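Spelled out from the first residue to the last, the chains are:
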Amino acid sequence: MKRLRVMISSTVEDLQPERDAIDRAIGHFRLQRFRSERMGSLARSSREVCDEMARDCDLYVLIVGARYGWIIPDLNTSVTEREYAIATSENPAKVLVYRSEEHTSE
């Protein structure tokens, strides 16, 4: 039986506790999970891999906080927003959003 593939998406530095908690919950259910910071060295660009993960995942979990995140210079959009756009264009029903109110912008 194929395991569900879950992508965890957010800004990394400020939402690490939330990412870790969701990762543990997904692991508890033995689902396959993707986190960009745990991908290691890749033969393709990180943009290509993240785009593919957002497109191909069965469930996309977006954690939103106070930060917009790193902006892709040639697209003038954040990595997280791009991943969200790809996931919702592929299948809006696979997107779950968690809004963290614990963090404030600096």
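In what follows, the accompanying structure is described.

Here we look at the overall build of the protein chain
Thought 1: Secondary structure assignment for the protein chain yields three helices and six strands.
Thought 2: Evaluated residue by residue, the protein chain yields a buried proportion of 34% over its 106 residues.
Thought 3: Nonlocal contacts in the protein chain, meaning residues at least 24 apart in sequence, comprise 66% of its contacts between residues at least 6 apart.
Thought 4: Carbon together with sulfur atoms contributes 51% to the accessible area of the protein chain, which is approximately 6,900 Å² in total.

Quick look at the pairing of strand 1 (residues 5-9)
Thought 1: Taken across its five residues, strand 1 has four buried, putting it largely inside the fold.
Thought 2: Across three bridges, the pairing between strand 1 and strand 2 (residues 32-34) is parallel. Paired with Arg-5 across the strands is Gln-32, a residue of strand 2.
Thought 3: Where the polypeptide runs from strand 1 across helix 1 (residues 16-28) and back to strand 2, its parallel neighbour, the crossover connection is right-handed.
Thought 4: Bridging between strand 1 and strand 3 (residues 59-64) involves four bridges; their strand directions are parallel. Of the residues in strand 3, the one forming a bridge with Val-6 is Leu-59.

Comments concerning helix 3 (residues 79-90)
Along an α-helix, residues three or four positions apart point the same way, because every turn accommodates 3.6 residues.
Thought 1: In this model helix 3 runs 17 Å from its N-terminal to its C-terminal C-alpha over 12 residues, within 8% of the 16 Å that 1.5 Å per residue would give.
Thought 2: Of the positions making up helix 3, those classed as buried are Thr-80, Glu-83, Ile-86 and Ala-87. The buried residues of helix 3 occupy an angular sector of 130 degrees when the element is viewed end-on, so they sit on one face.
Thought 3: Contacts from the buried residues of helix 3 go to strand 1, helix 2 (46-56), strand 3, strand 5 (77-78) and strand 6 (95-99).

Topic: the side chain of Thr-80
Thought 1: Among the structural elements, Thr-80 can be located in helix 3.
Thought 2: Classification of Thr-80 by relative accessible area gives buried; the value is 14%.
Thought 3: In contact with Thr-80, other than residues within four places in its own chain, are Ser-9, Ser-10, Thr-11, Tyr-60 and Leu-62.

Things to note about the sheet that holds strand 3
Thought 1: Strands sit in the order 2-1-3-6 across an open sheet of four strands; the sheet is parallel. The sheet terminates laterally at strand 2 and strand 6, the two strands that pair on one side only. For this sheet the average axis-to-axis angle between neighbouring strands, irrespective of direction, equals 20 degrees.
Thought 2: Sitting on the sheet, helix 1 touches strand 1, strand 2, strand 3 and strand 6, and the angle it makes with strand 1 is about 170 degrees.

Comments concerning the pattern of salt bridges
Thought 1: On inspection of all chains with the given rule, the structure shows five salt bridges.
Thought 2: Across the pair Asp-51 and Arg-82 runs a salt bridge, and its minimum N-O distance is 2.6 Å. Of this pair, Asp-51 sits in helix 2 while Arg-82 is found in helix 3, placing the two residues 31 residues apart along the sequence.
Thought 3: Using a relative accessible area of 10% as the deciding quantity, one classes Asp-51 as buried.

Each value, and the rule that gives it
- Residues numbered from 1 in each chain as written.
- Predicted model: local features only at pLDDT ≥ 70, side-chain atom pairs only at ≥ 80, totals over all residues.
- Heavy atoms only, no water.
- Helix = DSSP H or I, 4+ residues; strand = E, 2+ residues; numbered from the N terminus.
- Buried < 20%, exposed > 50% of the residue type's maximum accessible area, 1.4 Å probe, protein only.
- Contact = heavy atoms within 4.5 Å.
- Areas by Shrake-Rupley, 256 points an atom, 1.4 Å probe, with all protein chains shown as cover.
- Pairing = 2+ DSSP bridges.
- Right-handed = clockwise from strand over helix to strand, strands pointing away.
- Expected span 1.5 Å × (residues − 1).
- Arc of directions from axis to C-beta.
- Axes fitted to C-alpha atoms, helices over the stretch in contact; angles between N-to-C directions.
- Salt bridge = Lys/Arg side-chain N within 4 Å of Asp/Glu carboxyl O.

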